[in-house]
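# Descriptive analysis of the structure
Next come the chains, spelled out residue by residue.
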Amino acid sequence: MQETKPTVKRSYTTCGELNAGNIGEQVTLKGWVNRRRDHGGLIFLDMRDRYGITQVVINPENARDAHAVAEGVRGEYVLAVTGKVGERPEGTENPNMATGEIELVVSDIEVLNPSKTPPFYVNQESDVDESLRLTYRYLDLRQPRMQRNLRLRHRAIKIIRDYLDDRDFLEIETPIMVKSTPEGARDYIVPSRVFPGDVYALPQSPQQLKQLLMVSGTDRYYQIARCFRDEDLRADRQPEFTQLDLEMSFVDREDVLDLTEGLFVKMFSELAEKPLKDSTFPRLSYQESLLKYGTDKPDTRFGLEISDVSEIVASSEFGVFANTVKSGGVVRGFSVPGKGDIPRSQVDALTSAAQGFGAKGLVWIGLEEGENGLSARSPIAKFLSDDEVNNLATATGASAGDLMLFVADKEAPTAEVLGRLRNHVAHEYELIDEGSHAFCWILDFPLFEWDEDGNRWDAAHHPFTSPMDEDVQFLDSDPARVRAKSYDLVLDGFELGSGSIRIHDRDIQNRMFGLLGYSDEQVEERFGHLLRAFEYGAPPHGGIAPGIDRTVMLLAGEHNIREVIAFPKNQSGQDLLMGAPSPIDETQLQELHLQLDLPPEEDHEDE
RNA sequence: GGAGGCGUAGUGUAGCGGCCUAACACGCUGCCCUGUCAAGGCAGAGAUCGCGGGUUCGAAUCCCGUCGCUUCCGCCA
C-alpha cells in the first residue's frame, strides 16, 4: 500500500517509497532507527517512518565518518541519512519488505536527535501492559499497527465528509460548553468564573443544537462531534467519544435509513478487510430482535436463533416448564449444531455461565436418533414425551447430534439470559463467522420504558422522539404499547448508533413531557429554549448519530475503542500521559468561587 | 457500588510451600565480527516477586486485607 500521494513534494525521502526504479538516485531519508545490525565492518540500519521501512547500509571503507556515527546510533534515534539508492547484491534481497529490492548506501549520517531506550518495544508487536502504553502513548502510536489505526480513522472520517458533502450536508460546529440538563447520563461540569455558582456542562451529544439547526433552516447538518458522558467506562465506552451527528429536515424514517446505509456500505466496501454479510441491511423489529437474539444489538454473524417453546411445554410433566408458563412466564431456547454429545463437564460449564447471566437454571437436551424419531439425553428426559422432544427439536431447528438449551423464566430475564448465553456459546465453540461484517437495523422500539426505581415512564430514546403515527392514540391509555419512530444501527453485536424522527408538533411534545412526569417549571427550565424555537416554524426532521470510535474499532478488527483513539483514558477515566485529572490551585478555586469538600482520606497509620 | 481475571528485572513470561543465592527470551552495557534483515559470538549489569498483615521451622508460591490495571454487571435520556 503506497500511502504517499504523488502530489506530495518533500525535501527528503520517506522510508516507504523507494524501489528498484530509484536505483542510482541520491536521496536523504529521515526517520527513526527501527533496528540496527552491526557487523563490525558493515552496519545495517532499518529506518522507519509512517510510510515504511528502508534498509540503510554503512560501509566503513567508503564512509568512514558516517560509520563512526552509526556505531553510536541506537534504536529510536532520529536520523537524516544521505546516500545513493543501490540495488541489493544478488541473494540479499528481502521479499518480505516493500523496499526489499534496494538499500540506501550511505555517505553521510546526521543524528537529528538521540533517544533513550524505550520502555517497551516500538519495533515489534508485543502485549505490553496498557497503562504503560498509555503513559508513553507517543511511543505506542509510533508502532505500525497504531499508525494504521490512526490512518484508518482519518480515512473513515474523510469518506463521511465526502459522502455527506455530495448530499448537501453542511458540517457545523456546536459549542462544547453548553447548558446542563440533569437527566440521562451524568454531565461533566465547567464552573463559571463570572457567574458564581453557575456551571456550563459539556454536551452529552449535540442533540438539542442539531434540532435548533433544523429550525434555523439549515436543512442538512452533520458534525464529527465530541460527546461527553460522566459514566463508568467499558471496552467500547470512553468518557469522551466521537459521533457522526447528523440531522435532516423534511424526512421520514426511510430517508435517514437509506442515507446511513449508503454511507456505511461505502465506508466498509472501501476500508474493511472483510466483506459485508448483507449489502442491504436486514431489518428487525425490537420485539423480533429480543425474541430471536435476546438483545437489541444482535450479532447476526452466526445463527443460534432463539425460539419460544412455551406452548409445546405448557402441559409438560416437567414442572418447572409447565409452572413457568402457567404463571405467565416463557420457555425459550436454541440449538447448538453437533454438540449433542459434549461431556457433562462442558454442559455444567454452560449451566454456570447461564446462572452467571441471571438464569435460575439451564435445561439441556442432547438429541440422538431414537425409535420414534429423536430421543433425548438429558436430566429431564424422563419427564419428556417423544412428541415433546420432537416438537422442541422442530421448534429450535435441531436434529440428531445437536444440543438444545432452554431457559424458563419471566420474559425479560429469559431473553437476556439466552441472549448472553447465545453469545457465550458462539464464542466458546467458535461459531462466529469472523470473515464478514453483519449490519442490521433494529426498528420499532417502544417509546417509553418503565422505570422501576422512579415508578414512572422514561423516554426509551429521548423525550423528543416521535411516536409512530398509528400509536399516538395510545399515548394516554397504554403508553407501553406506543412504538417510536426510532432506529438503531447494529454491527457485529455492537450498537453503532441510534436515531429517530423527532417530534415537531408542540401538542404531542407537551403530552410527552406530561407522561414523563415533568412539571411545567421543569420543562421550561430544561427545554424552554427548544420548545420556543419549535413555535417559530419547525420543519419535520430526524437524524442519527453513529459512533465513530466503535465503527473504526470494528473496521480495524480491534476489540477495544482505545486502540483507535489517539489519546484515550484508562478505565478510571484518567489520562495517564498528561496526568489528568489533577488537583487545582487554591487561586483557581477562589476565582471560581469553589470550596472543596473532600471525602476523608483513608489513613492506615491512625488505626 | 458489585463480580471475575491479572500483578515476578526495562518488556513478555516461567516458577505455584524447601531443589529460588528466583529461571528463560528479548531489550540494555562492553568486547569481537564486512551482507545482515528477529544478524551472530563472548562477557556483564539489571528483581526488596505490587504493598501490608497472617499461617508455617520455611512463603514469589497458601490465607486475609489493600492498591493498581483490565473485563463484565449496575450506570450509559
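As the structure is a computational prediction, the values presented were derived from the model and not from experiment.

## Observations regarding the nonpolar core
Within the largest apolar cluster, 42 residues are counted, with the highest numbers of intra-cluster contacts made by Ile160, Leu164, Leu244, Leu246 and Met267. Those elements that place two or more of their residues in this core are α4 (144-165), β9 (220-228), β10 (240-249), α6 (253-271), β17 (439-443), β20 (486-491), β21 (494-501) and α15 (548-556). A total of 8 residues in this core trace back to one element, the largest contributor, which is α6. Residues within four places of Leu246 in sequence aside, it is in contact with Leu164, Phe169, Lys210, Tyr221, Tyr222, Leu259, Gly543 and Ile544. Core analysis: the next-biggest nonpolar cluster, separate from the first, contains 25 residues, Val215, Phe474, Ala484 and Phe527 among them.

## As for the packing of aromatic side chains
The full count for this structure, using the stated rule, is 18 aromatic pairs. Seen in terms of ring centroids, Tyr136 and Tyr138 are 6.3 Å apart; in terms of plane orientation they differ by 75°. Their pairing is edge-to-face. On the basis of relative accessibility, which here comes to 30%, the residue Tyr136 falls in the partly exposed class. With a centroid separation of 5.0 Å and 85° between ring planes, the pair formed by Phe268 and Phe439 is classed as edge-to-face. Of the two residues, Phe268 is situated in helix α6 and Phe439 in strand β17; the sequence distance between them amounts to 171 residues. Three or more aromatic residues link up through ring pairs in this structure, and these residues are Phe264, Phe268, Phe281, Phe439, Trp441 and Tyr487. Directly above the aromatic system of Phe474 lies the positively charged group of Arg481, at a separation of 3.9 Å from the ring centroid.

## Notes on the protein's contact with RNA strand B
The local shell around RNA strand B holds 49 residues, among which Arg35, Glu61, Tyr121, His461 and Arg562 are the closest. The protein-proximal atoms of RNA strand B, defined as those within 4 Å of the protein, are 49% sugar or phosphate. One of the backbone nitrogen or oxygen atoms of Thr92 is found 2.3 Å away from a base nitrogen of RNA strand B. Within the backbone of Ala459, an N or O atom sits 3.3 Å from a sugar or linking oxygen of RNA strand B. Of all the secondary-structure elements, those providing two or more residues to the surface near RNA strand B are β1 (26-38), β2 (43-49) and α2 (130-135).

## Structural notes on helix α9 (residues 319-326)
Along α9, the residues that are buried comprise Phe321, Ala322, Thr324 and Val325. The arc enclosing the buried residues of α9, seen along the axis, measures out at 165°, which places them on a common side. Residues of α9 that are buried make contact with α8 (310-313), β13 (330-336), β14 (363-370) and β16 (403-409). Following α9 by one or two positions, Gly328 has its phi on the positive side, about 90°.

## Focus: the sheet that holds strand β22 (residues 541-546)
Hydrogen bonds between backbone atoms are what pair the strands of a sheet, whose relative direction is either parallel or antiparallel. If you walk across this open sheet you meet the 8 strands as β6-β9-β10-β22-β21-β20-β17-β11, and the pairing is mixed. Every interior strand has two partners, whereas the edge strands, β6 (170-171) and β11 (283-285), have only one. With 5 bridges connecting them, β17 and β20 associate as antiparallel partners. Bridge pairing links Ile442 to Asp488 in β20. Its contacts with the sheet put helix α5 (residues 207-215) on β9, β10 and β22, and the angle it makes with β10 is roughly 25°. Each of β9, β10, β20, β21 and β22 is contacted by α15, which is oriented at about 140° to β21, the strand it contacts most.

## Quick word on the pairing of strand β18 (residues 448-451)
In the sheet, β18 pairs with strand β19 (residues 456-459) via 4 bridges, with the strands oriented antiparallel. Within the sheet, the bridge partner assigned to Trp450 lies in β19 and is Trp457.

## Some words on the side chain of Gln208
Residue placement: Gln208 occurs in helix α5. On the basis of relative accessible area, Gln208 is assigned to the buried category, the value being 16%. Engagement of the side chain of Gln208 in a polar contact is seen with the side chain of His529, the distance being 2.6 Å. Other than its neighbours up to four places away in sequence, Gln208 contacts Thr181, Phe464, Arg526, Phe527, His529 and Leu530.

## Thoughts on a negative patch on the surface
Taken together, Glu87, Glu90, Glu93 and Glu101 make up a surface patch of like negative charges. Tracing the backbone shows Glu93 in the loop between β4 (78-87) and β5 (102-113). What makes Glu93 partly exposed here is its relative accessible area of 37%.

## Side note on the packing of helix α10 (residues 344-356) against helix α12 (residues 411-428)
In the contact formed by α10 and α12, the axes pass within 9 Å of each other and the chain directions differ by 135°. In terms of orientation, α10 and α12 fall into the oblique class. Of the two possible hands of crossing, α10 and α12 adopt the one that is right-handed. The segment α10 lies against α12, with Leu350, Ala353 and Ala354 engaging Val417, Leu421, His424 and Val425. Tallied by class, the residues present in the contact of α10 with α12 amount to 6 nonpolar, 1 polar and no charged.

## Thoughts on unusual backbone geometry
The linkage connecting Ala580 with the following residue, Pro581, adopts the cis geometry, with an omega of -5°. Of note, Pro581 is situated in the loop between α15 and α16 (586-591). In this model, Phe250 sits at a positive phi of 55°, which is unusual for a non-glycine residue. On the basis of relative accessible area, Phe250 is assigned to the exposed category, the value being 62%. At Asp492, a residue that is not glycine, the phi angle is positive and equals roughly 50°. Tracing the chain through its elements places Asp492 in the loop between β20 and β21.

Conventions we followed
Residues numbered from 1 in each chain as written. Chains lettered and ligands numbered in written order. Predicted model: local features only at pLDDT ≥ 70, side-chain atom pairs only at ≥ 80, totals over all residues. Heavy atoms only, no water. Core = buried A, V, L, I, M, F, W, Y, C linked by side-chain atoms within 4.5 Å. Buried < 20%, exposed > 50% of the residue type's maximum accessible area, 1.4 Å probe, protein only. Helix = DSSP H or I, 4+ residues; strand = E, 2+ residues; numbered from the N terminus. Contact = heavy atoms within 4.5 Å. Phe/Tyr/Trp six-rings, centres within 6.5 Å; stacked < 30°, edge-to-face > 60°. Lys NZ or Arg CZ within 6 Å of the ring centre and 35° of its normal. Near = heavy atom within 4 Å. Polar contact = N/O pair within 3.5 Å; in protein donor to acceptor, adjacent residues only side chain to side chain. Arc of directions from axis to C-beta. Pairing = 2+ DSSP bridges. Axes fitted to C-alpha atoms, helices over the stretch in contact; angles between N-to-C directions. Patch = residues over 30% accessible without salt bridge, like charges linked within 9 Å, V, L, I, M, F, W, Y side chains within 5 Å. Areas by Shrake-Rupley, 256 points an atom, 1.4 Å probe, with all protein chains shown as cover. Salt bridge = Lys/Arg side-chain N within 4 Å of Asp/Glu carboxyl O. Lys, Arg positive; Asp, Glu negative; His and termini not counted. Charge placed at Lys NZ, Arg CZ, Asp CG, Glu CD. Parallel < 35°, antiparallel > 145°, perpendicular 65-115°, else oblique. Left-handed = near helix turned anticlockwise from the far one by under 90°. Nonpolar A, V, L, I, M, F, W, Y, C, P; charged D, E, K, R; others polar.

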